[in-house]
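# Chain and residue survey
Here's the letter readout for the chains.
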Amino acid sequence: MALPAPGSIAEGPAEWTRKGLGIVALCFAINMADGVDVTILSFIAPRLQAEWDIGSATMGNLFSAGLIGMAIGGMFIAPLADRLGRRAVILAALCLMSVGMFASSFAGSVPVLFAMRVIVGSGIGTVLAAMAALAAESAPPAQRNLAVGVVQAGYPFAAVFTGLIVAHALPIHGWQSMLLGAALLTLILLPVAWLVLPHGRPTAAEGAKAAGKVGQLFAPQLRARTIALWSAVFFGLMVLYFIVSWIPKLSIAAGLSETNGIYAGALYNLGAFVGTMAMSVLALRVPLGKLVPTMLTGAGVAMVLFGSIAMPVWLTLVVAFLIGVLLQGGYNGVWPIAAGAYPGEVRATGVGWAIGVGRGGAVIGPMLGGYLMAANAPLPALFAAYCVPLLICAAAAFLVERYKV
């Protein structure tokens, strides 16, 4: 069955409605919980390594556990949102996240913590895809990129406060309490989501019959953009999760104290929030196919400076902030691109599989970084190496938009 082109079916209200704004606000809050659940491990990593006496390679494996779960959620659970509706799948994903985070706070060994992070990640991978689809369908067509971009900003916004809270509370309460607090935050969102999320499918009945079939992503009119999108997400997440996972540790290696290293991670995420919001607003005027590659190229320059030049503490923190603005702000522009690349009946499937395939890069990024640091690779070479996949991501994002024409 032939698929309609993206935007060819009536999706979203002609203007913003109170219901649509409420849904986008809820998606923003859920993405905040995602930001807490993912980034908290990077903030507690130095303390966890010290208490359990584990090296960088093992810690890299723990970072990757959540990403493996995201691949599972994005590829095998999120597509159900095109069949069962966004509501049921998002609620199930929040349950997975809550259970996994509670269990993580009581983990007493690396294998148990690894398994629980896979469960948390499966919930996050599911909810990311379903929320991108739901936000796109709840906004007026002209505001779709803004809506999806604003939702993505919830992740770094929460990560900022996570870093600041952990920097203060970790020495007093320990890492287990940090994970327990994150679990409670996720649990609180369940009843809110139950009340706010709309019932039913947002797609046309005919399209719903075939919704969720992965093969449709390679229909003639979608094949090229699917391949380009998967490339953008794979290589982009390879760099992004290397930075997100290791920036406190990398900052310490650059000469900062443990506390200042955590603050560097918080400032990176503040920059990510500012950059994502700026990208979302600029996307109303500047084509994403030009905006995203420009920001990612600038991020590569900032990364090389961070790793190559000895700087005072304040300037190191400023550059960490700038990396967040350009790297995560630019990369988060890939998700509005993804949401606009597919028609509604396969949108959650398309975004979910992009998330799943991309998690291969997200797994490789932190693990490779851990092995390189364990081998005492110099910081300049480390950051320069990660500029290569970053530029590939920029080129692929440009091609997705080009193939939509």
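Look above for the structure.
Conventions and cut-offs
Along each chain, residues carry numbers from 1 onward, in the same order as the chain's sequence is written. Given that the model is predicted, a residue must reach a pLDDT of at least 70 before its local features are reported, and side-chain atom pairs must reach 80 or more before they are shown or counted; all residues, however, enter totals for whole chains, interfaces and linings. The basis for every side-chain value is the complete set of non-hydrogen atoms in the structure, without hydrogens or water. The helix and strand labels rest on DSSP assignments: H or I over at least four residues marks a helix, E over at least two residues marks a strand, and numbering proceeds from the N terminus. Within these notes, the globule rule equals 2.2 Å times the number of residues to the 0.38 power, and the radius of gyration is based on C-alpha atoms. When accessible area is computed with a 1.4 Å probe and restricted to protein chains, residues below 20% of their type maximum are described as buried, those above 50% as exposed, and intermediate ones as partly exposed. Contacts between residues were defined by any pair of non-hydrogen atoms, one from each residue, lying within 4.5 Å. A 1.4 Å probe and the Shrake-Rupley method give the accessible areas. Residues count as covered only by the protein chains that appear here. The charged-residue count follows a simple rule in which Lys and Arg add positive charge and Asp and Glu add negative charge, with His and chain termini not counted at all. Charge positions are represented by NZ for Lys, CZ for Arg, CG for Asp and CD for Glu. Where helices are involved, their axes are fitted lines through C-alpha atoms of the stretch in contact, as for all axes, and angles between N-to-C directions lie from 0 to 180°. Orientation categories follow fixed angle ranges, with anything under 35 degrees roughly parallel, anything over 145 roughly antiparallel, 65 to 115 roughly perpendicular, and all other angles oblique. By convention the crossing between two helices is left-handed if the near helix lies anticlockwise of the far one by an angle smaller than a right angle, and right-handed if it lies clockwise. Polar here means any residue outside two lists: the nonpolar Ala, Val, Leu, Ile, Met, Phe, Trp, Tyr, Cys and Pro, and the charged Asp, Glu, Lys and Arg; Gly therefore counts as polar. Under this definition, polar contacts are N or O atom pairs within 3.5 Å; protein pairs additionally need one hydrogen-donor-capable and one acceptor-capable atom, and for neighbouring residues in sequence, both atoms have to be side-chain atoms.

## What about the overall build of the chain?
Helix and strand content of the chain: 15 helices and zero strands. Relative to the compact-globule value of 22 Å for 405 residues, the chain shows a C-alpha radius of gyration of 20 Å, a close match. The principal-axis extents of the C-alpha atoms in the chain amount to approximately 55 × 40 × 35 Å. The buried share of the chain, taken over its 405 residues, is 60%. Within the chain, contacts between residues separated by at least 24 positions form 86% of all contacts whose residues are at least 6 apart in sequence. Just so you have it, the chain exposes about 14,600 Å², and 71% of that area is on carbon and sulfur atoms. If the 20 positive side-chain charges of the chain are averaged to one point and the 12 negative ones to another, these points end up 7 Å apart.

## Some remarks on the packing of helix α1 (residues 18–52) against helix α5 (residues 110–138)
Here α1 crosses α5 at 155 degrees, and the two axes come no closer than 10 Å. One element, α1, and the other, α5, form an angle in the roughly antiparallel class. Crossing geometry of α1 relative to α5 is assigned as left-handed. Here Gly20, Ile23, Val24, Cys27, Ile30, Asn31, Asp34, Asp37, Val38, Leu41, Leu48 and Trp52 of α1 come into contact with α5, specifically with Val110, Leu113, Arg117, Val120, Ile124, Val127, Leu128, Met131, Leu134, Ala135 and Ser138. Of the residues in the contact of α1 with α5, the class split is 17 nonpolar, three polar and three charged.

## Examining the side chain of Gln328
Take Gln328: it is sitting in helix α12 (residues 313–331). At 3.1 Å, the side chain of Gln328 forms a polar contact with the side chain of Tyr268. With residues near it in sequence (within four places) discarded, Gln328 still touches Tyr155, Pro156, Leu240, Val244, Tyr268, Asn269, Ala272, Thr276 and Ile323.

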